[in-house]
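# Observations on the three-dimensional arrangement
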Number of protein chains: 2
Amino acid sequence: MGEEVKNKQVILNDYVKASVKESDMSLRTSTIQLRIPAGCDDAVLVKNLYLSCDPYMLLRMKKLEVDSFQPNSPISGFGVSKVIDSSHPNYTKGDLVWGITGWEEYSLIRDQSGLFKIHDTDLPLSYYTGILGMPGMTAYAGFFEVCSAKKGETVYVSAASGAVGQLVGQFAKSTGCYVVGSAGSKEKVDLLKNKFGFDDAFNYKEEQDYNAALKRYFPDGIDIYFENVGGKMLEAVLNNMRLHGRVAVCGMISQYGLEQPEGVHNLFNLIAKRIRMQGFAVHDYYHLYPKFLEMVVPQIKERKITYVEDIAEGLESAPNALVGLFSGRNVGKQVVVVARE
Amino acid sequence: MGEEVKNKQVILNDYVKASVKESDMSLRTSTIQLRIPAGCDDAVLVKNLYLSCDPYMLLRMKKLEVDSFQPNSPISGFGVSKVIDSSHPNYTKGDLVWGITGWEEYSLIRDQSGLFKIHDTDLPLSYYTGILGMPGMTAYAGFFEVCSAKKGETVYVSAASGAVGQLVGQFAKSTGCYVVGSAGSKEKVDLLKNKFGFDDAFNYKEEQDYNAALKRYFPDGIDIYFENVGGKMLEAVLNNMRLHGRVAVCGMISQYGLEQPEGVHNLFNLIAKRIRMQGFAVHDYYHLYPKFLEMVVPQIKERKITYVEDIAEGLESAPNALVGLFSGRNVGKQVVVVARE
């Protein structure tokens, strides 16, 4: 028997109907044995260090046909964790991993197929919830694989200071594209222009007419749209796309909290401009992860690429941090520190 | 000077606002010299034999930024014509051509870059407005190039008895796919099942709930949707697509007559199911036309592929035939015979 310890957890109270409020979650303290139970093969027991707040999590809080979180149970998401005990031959005590874990202090992970071992610990461990983890791979796969971006093309990124957007912008610049981002505050717009090197940026909350805003920044139209928000912005973008444009559909954060998503009325643009619009999921591209690290790690170390995180301290702050995503309160990738080691 | 003859024409009275009525067009008789005017190089003068009624023509009747028809002038479209006089070295009197021509008895075509010479006259000449012309190439490019269809996949075609749809269904069968089509009458549904060899077909006008209808015909979902109609049907299809599905967006005929097109509210399916949705235009694929003919001509001659036309007699019937497309009155490809030789 291992030591029994208290295990603080973030619980989903009940399915969420539209947008998520802090009161949809609660903190609970249960207990856990710090050893894998007998007969539980191929499992790992981890101490959670960093948790990732990601927009898709709101969808899992709703009652869906598949993949919903369970009410009255801890929610789960991407995180960085330290292995405390393992019954799987590939993992031993002390290993650091990133992947799907529970929103709690300690997690028993019975299916370790969603975990990646962390080898390079020269960089901040929290980066494995962001630039070196799922959002980084999402930006990489979406921009290079889905969009087939070419030098000289014009690129628009929405939610551009977020976990994924800030990287897409930097990849676009290093590819020789013209890139403009939108975000929801002056502070974020400054970050886009001054820290991430976007050619230009605007605060969508200050624009009455997205169509007019996009025409201003893209007088000759948009070749590539990296879609993170959906709804009215997507509609405006379709009006401003160029012939043979590509839309990588990564997320639609503006729609997740609506009971009825907004309608997009101008899909005829797909025909008129021969646009390819493609949804993708990072899971389909994980085989490229080693290649991605090979590219991105040296760029981080040489400070050619930068990454901004918004760190919330303590598991207690996790519900608030997650909810903040949907009002755009976070500046950069929203991370929750549960423990630093 | 050539002989001067009367030239009946179909005139657009004024820009069309929403749907098109017969009274938006009128017949006018002007005169034309049956010889190319002096100084008019690289032109052809043709006698029009068959005219093609195509849904996109309604869009050109509206006031758009580009490509609108001119009020008080003859409209134009695809057709089959006989060369009467030529100042272009590639064409001589007696040649048969298909491509963009006027809705009139005789046309002076100053830009012959949109014309294709007809070499094989063993098949009905009217076929060059359909299976051997633009609609045939559209079905071919959309199904084989845009959808990357594979044996064993499930295919849904809307407006399936139309100029393009009837071919997509037959291409799908010859590729080893399961294909279901929808159309707007019992007669058309019978045609799909009994003449074109669709695995199944339904009358969309008899369905209260497109979602339920699609679930009935595709219990395991749709791999490929050949989109001809848009709006509510597209929305229902997105709910029924499978992972990694593809939507070739060819047309949206249900939307062309609306002042405000219907909104599509469930584009999130593109992410959840990693769907590729791609608009295309046949112009981008004309380099494949010889390869297409090589495939399709023997199949027609061996009766492995069939094509149904709806023939209207005389230029006077052209406005009525065109308008009929939008209520689905035509059965098969709508053609207007101006002259048989």
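Bear in mind that the values here come from a model prediction, so they are computed numbers and not experimental data. (Residues numbered from 1 in each chain as written. Chains lettered and ligands numbered in written order. Predicted model: local features only at pLDDT ≥ 70, side-chain atom pairs only at ≥ 80, totals over all residues.)

Next up on the list: the overall build of chain A. Looking only at helices and strands, chain A has 9 helices and 15 strands in total. Principal axes of the C-alpha set define a box for chain A whose edges measure 70 × 45 × 35 Å. The buried share of chain A, reckoned over its 341 residues, is 49%. The long-range fraction of contacts in chain A, counting pairs at least 24 apart against all pairs at least 6 apart in sequence, stands at 66%. (Helix = DSSP H or I, 4+ residues; strand = E, 2+ residues; numbered from the N terminus. Buried ≥ 20, exposed ≤ 12 C-beta atoms within 10 Å, placed from the backbone. Contact = placed C-beta atoms within 7 Å.)

Contacts between chain B and chain A engage 26 residues on the former and 26 residues on the latter. Only α7 (269–272) and β13 (276–279) of chain B provide two or more residues apiece to the side of chain B that touches chain A. The element best represented in the side of chain B that touches chain A is β13 of chain B, accounting for 4 residues. Looking at the side of chain B that touches chain A residue by residue, the classes come out as 12 nonpolar, 9 polar and 5 charged. Two strands pair when backbone bridges link them, and strand β13 (residues 276–279) of chain A and β13 of chain B are joined in this way by 3 bridges, in the antiparallel orientation. (Nonpolar A, V, L, I, M, F, W, Y, C, P; charged D, E, K, R; others polar. Pairing = 2+ DSSP bridges.)

We now examine the packing of helix α2 (residues 134–146) of chain A against helix α3 (residues 165–174) of chain A. Residues and elements named next belong to chain A. Packing of α2 against α3 leaves a shortest axis separation of 9 Å and a crossing angle of 45°. As judged from the angle between their axes, α2 and α3 are oblique. In terms of crossing hand, the pair formed by α2 and α3 is right-handed. Where α2 approaches α3, its residues G136, A139, G142 and F143 are matched on the opposing element by L167, V168, F171 and A172. (Axes fitted to C-alpha atoms, helices over the stretch in contact; angles between N-to-C directions. Parallel < 35°, antiparallel > 145°, perpendicular 65-115°, else oblique. Left-handed = near helix turned anticlockwise from the far one by under 90°.)

Attention now moves to the nonpolar core. By size, the foremost hydrophobic cluster in this structure holds 214 residues, and its most contacted members are V336 of chain A together with V336 of chain B. Not counting residues within four places of it along the chain, the set of residues in contact with V336 of chain B comprises Y50, L51, C53, A312, L315, S317, A318 and A321 of chain B. (Core = buried A, V, L, I, M, F, W, Y, C linked by C-beta atoms within 7 Å.)

Our next topic: the sheet that holds strand β12 (residues 241–249) of chain B. Reading across from one edge, β10(A)-β9(A)-β8(A)-β11(A)-β12(A)-β13(A)-β13(B)-β12(B)-β11(B)-β8(B)-β9(B)-β10(B) is the order of the 12 strands in this open sheet, with mixed pairing throughout. Either end of the sheet is taken by a strand with one partner, and the two such strands are β10 (200–203) of chain A together with β10 (200–203) of chain B. Direction aside, neighbouring strands of the sheet carry axes that sit 15° apart on average. Against the sheet, helix α4 (residues 186–195) of chain A contacts β9 (178–183) and β10 of chain A, and its axis sits at roughly 170° relative to β10 of chain A. Contacting β8 (154–157), β11 (222–227) and β12 (241–249) of chain A, helix α6 (residues 232–240) of chain A crosses the sheet at an angle of about 165° to β11 of chain A.

Once turned by 180° and shifted 0.0 Å along the axis, chain B lies on chain A with an RMSD of 0.0 Å. Taken together, these values place the two copies in the relation of a two-fold axis. Considering only C-alpha atoms, the part of chain B nearest the rotation axis is G263 of chain B, at 2.0 Å. Here 100% of the interface residues in chain B have copies in chain A that are interface residues too; the copies meet face to matching face. (Least-squares fit on C-alpha atoms with pLDDT ≥ 70 in both.)

What follows covers helix α8 (residues 289–301) of chain B. Its 13 residues place the ends of α8 of chain B 18 Å apart at the C-alpha level, agreeing with the 18 Å of an ideal helix rising 1.5 Å per residue. Looking one or two residues beyond α8 of chain B, the residue adopting positive phi is R303 of chain B, at roughly 60°. (Expected span 1.5 Å × (residues − 1).)

Interfaces are often sized by the accessible area lost when the parts come together. Residue and element names in this part refer to chain A. Once the domains are mapped, chain A shows domain 1 (4–130 + 308–337) and domain 2 (134–283). For domain 1 and domain 2, the distance between their C-alpha centroids amounts to 29 Å. Counting residues at the interface gives 14 residues for domain 1, matched by 17 residues for domain 2. Considering only residue class, the side of domain 1 that touches domain 2 consists of 8 nonpolar, 4 polar and 2 charged. (Domains from an automatic or database assignment.)

Residue and element names in this part refer to chain B. Remark: helix α2 (residues 134–146) packs on α8, axes separated minimally by 11 Å, with the N-to-C direction vectors making an angle of 95°. Here α2 is positioned roughly perpendicular relative to α8, judged by the angle of their axes. The residues of α8 that touch α2, namely those facing G136, M137 and Y140, are Y289, F292 and V296. Counted by class, the contact of α2 with α8 contains 5 nonpolar, 1 polar and no charged residues.

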